[in-house]
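Residue strings, one per chain:
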Amino acid sequence: MVNFCFTEEQELLRKAVREWCKKELTLEKIREMDSKGEIPREIIKGLGDLGLLLMTIPEEHGGANADWTTACVAAEELGYADVSIAVPVLFLVENAWGFVTDKYCSERVREEVIRKAAKGDAFIGIASTEAGGGSDVAAIKTAGVKEGNQWILNGEKTYISGTEEAKKIGGGHFLIARTAPPLPGAAHKGLTAFYLPINTPGVEIGKRFEEMGRMAISTGSIIMDNARLPDDYRVGEEGKGFYLTMEGFDNARLLIGATCLGAAQRALELGIEYLKERKAFGNPIGKYQGIQFDLAEMWAELEALRSLVYRTAWMNDEKYKNKRFTPLEVVKYISAVKLKAPSFAFKVFEHVMLWMGAWGYTKDCPLEMGLRGIMSYYIGAEGTMNIQRTVIARELLGREYLSYK
Ligand SMILES: Cc1cc2nc3c(=O)[nH]c(=O)nc-3n(C[C@H](O)[C@H](O)[C@H](O)COP(=O)(O)OP(=O)(O)OC[C@H]3O[C@@H](n4cnc5c(N)ncnc54)[C@H](O)[C@@H]3O)c2cc1C
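### Focus: the pattern of salt bridges
Part 1 of the reasoning: Inspection of every chain in the model, using the stated rule, returns 30 salt bridges.
Part 2 of the reasoning: Between Arg-234 and Asp-231 there is a salt bridge whose closest N-O contact spans 2.9 Å.
Part 3 of the reasoning: Residue Glu-318 is joined to Arg-324 by a salt bridge in which the shortest nitrogen-to-oxygen separation is 2.9 Å.
Part 4 of the reasoning: Glu-318 sits in the buried class, given a relative accessible area of 11%.
Part 5 of the reasoning: Among the residues examined, Arg-324 registers a relative accessible area of 52% and is labelled exposed.
Part 6 of the reasoning: Within the structure, one salt-bridge network assembled from shared partners comprises Arg-14, Arg-18, Glu-76, Glu-77, Glu-303 and Arg-306.

### Quick notes on the domain arrangement of the protein chain
Part 1 of the reasoning: When cut into domains, the protein chain gives domain 1 (8-123), domain 2 (124-240) and domain 3 (242-401).
Part 2 of the reasoning: Computed over C-alpha atoms, the centres of domain 1 and domain 3 are 20 Å apart.
Part 3 of the reasoning: Contact residues are listed per partner, giving 31 residues for domain 1 and 38 residues for domain 3.
Part 4 of the reasoning: With both sides pooled, the region where domain 1 packs onto domain 3 buries about 2,900 Å², and carbon together with sulfur makes up 65% of that total.

### Focus: the pairing of strand E3 (residues 150-161)
Part 1 of the reasoning: Taken together, the five bridges between strand E2 (residues 143-147) and E3 define a ladder with antiparallel strand orientation. Looking across to E3, one finds that Val-145 is bridged to Ile-152.
Part 2 of the reasoning: Hairpin connection from E2 to E3: two residues lie between these consecutive antiparallel strands, with Gly-148 at a positive phi of about 65 degrees.
Part 3 of the reasoning: Relative to strand E7 (residues 219-230), E3 is paired through nine bridges, and the arrangement is antiparallel. Counterpart to Gly-155 in the pairing with E7 is Met-224.

Reading the values: the criteria
- Residues numbered from 1 in each chain as written.
- Predicted model: local features only at pLDDT ≥ 70, side-chain atom pairs only at ≥ 80, totals over all residues.
- Heavy atoms only, no water.
- Salt bridge = Lys/Arg side-chain N within 4 Å of Asp/Glu carboxyl O.
- Buried < 20%, exposed > 50% of the residue type's maximum accessible area, 1.4 Å probe, protein only.
- Domains from an automatic or database assignment.
- Contact = heavy atoms within 4.5 Å.
- Buried area = accessible area lost by both parts, 1.4 Å probe.
- Pairing = 2+ DSSP bridges.
- Helix = DSSP H or I, 4+ residues; strand = E, 2+ residues; numbered from the N terminus.

Written out as C-alpha cells, the structure reads:
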C-alpha cells in the first residue's frame, strides 16, 4: 500500500514550526541576521525548546526519537522560513552529526555535549574537510596517535561550519583522523572518529572565512597541535571512522534535500504574489504565457522533487527501523536528492528573481539571500554534485566501475 499522508504528529509539528517561524524567523529578522553574521542565541534556544535540535536521537539522550521523515518536515519548514539557509544549516548539521555521534559515543561525550546541544546549550558539527581536499575522505592527513589512554591529534580541518558558534556557546565537532597507515586499495580503513571539544588544549580556531552566503553561521578552520583527547572521546570503533562519516553524510544530504524543498516553495510563493501584483503593458505579468509556462515548469519540478525527498526519507526510516533496506540500497536515492535539490532550488530562486526584474536584484527583496545561501549546498557542503553522480553510477554499474580506489 502506498500512503502519501504525513502522520498527525508530523502535521502538528509542521504547524508548530511554521507558527514559531512566523514570529521568530520573519524575513526582516533573516535580513538582520544575514547583515550581522550571527544567529541570535534566543533562536538557537528556541529551536531547542521546540525539540528540533538533535530531534532524531533517543529521548533518554535528550532528543525526541523522531524519524527522518519528521526531521525532513522540520527542515522543510526552516528552509521555507530562513531562505538565507543559515538556521537550516545549524539544524541539519546538529541533527545529522549529533545523531551519528550520539549513536556511537561514550556516556561521557553524551553528557558533555549531546544532551546540552539538544537544548541549544552547545553546538555539535562535523570536521572532515582539509586544505588538501574534501571529496576524498580517505585521503585525510590529520593524524591520531594513541599514547596510553589518550589520543594525540595533529592536523588542520578547514571550511568547517560552526567554529564560532562552538566557541561562543560551547561544544565541538565530530572529527575524523587517520589512526593507522592507509592499506593499498583500502585507504578508507585506518580512519577513526572522535568528538573534539573546541576548547581542548592544543586546538586553535583559524580565521572565519568571508563567504558569499548563509552569513549568519560561521565557517572556519580547526588547527590541532598535539591536542590530547581521552579515549572516551573516540566515537565508534578504532578504524571504523570512514563508515560513521558516510552515515553522517547520508542523513545530512537528506535533510539538505528537505531544506531546499522548503526554500524553493517559499521563493515560488513569493514569485506568484509578484506575478499577480506587478503590471506591465497594462496587465499583471502573470497573464503572459511566457511567464506562466516558466511557473508551471518550476511547480512541476518542485512536486517531483518533493516525491523524491519524502520517498527517500521513508526508505531511510525503513532502513533504521525495520531493516527493510540496507544502507547501500538507500544511498543512491540520497545522492539523487543531494544532486537534484540544491541545483533545482538555485534555479527557482534565479527564475523568480528574473520575474521580479530590478527589484529582485536589490536587498529589499529576500531572494538574493537564497541564491547565495543555496549555492553553498550546490557547490558542495556535505558533498559535491560530482561525488553524488559517482555514488549513483557506482551503485548502478558496480564498484568495479569506480574510477578511483
Ligand atoms: C559553505 C560550506 C560549508 C562547509 N562546511 C563543512 C563542515 O562543516 N565540515 C566539513 O568537514 N566540510 C565542510 N565543507 C567542505 C565540503 O565538505 C567540501 O567543500 C566538499 O566535500 C568538497 O571538497 P573540496 O571543496 O575540497 O573540493 P574537492 O574535493 O577538491 O573537489 C573539487 C572539484 O572536483 C570534483 N571532483 C573531485 N573528485 C572527483 C571525482 N572522483 N570525479 C569527478 N569530479 C570530482 C568535485 O566534484 C569538485 O567539483 C563546507 C563547504 C562549504 C562550501
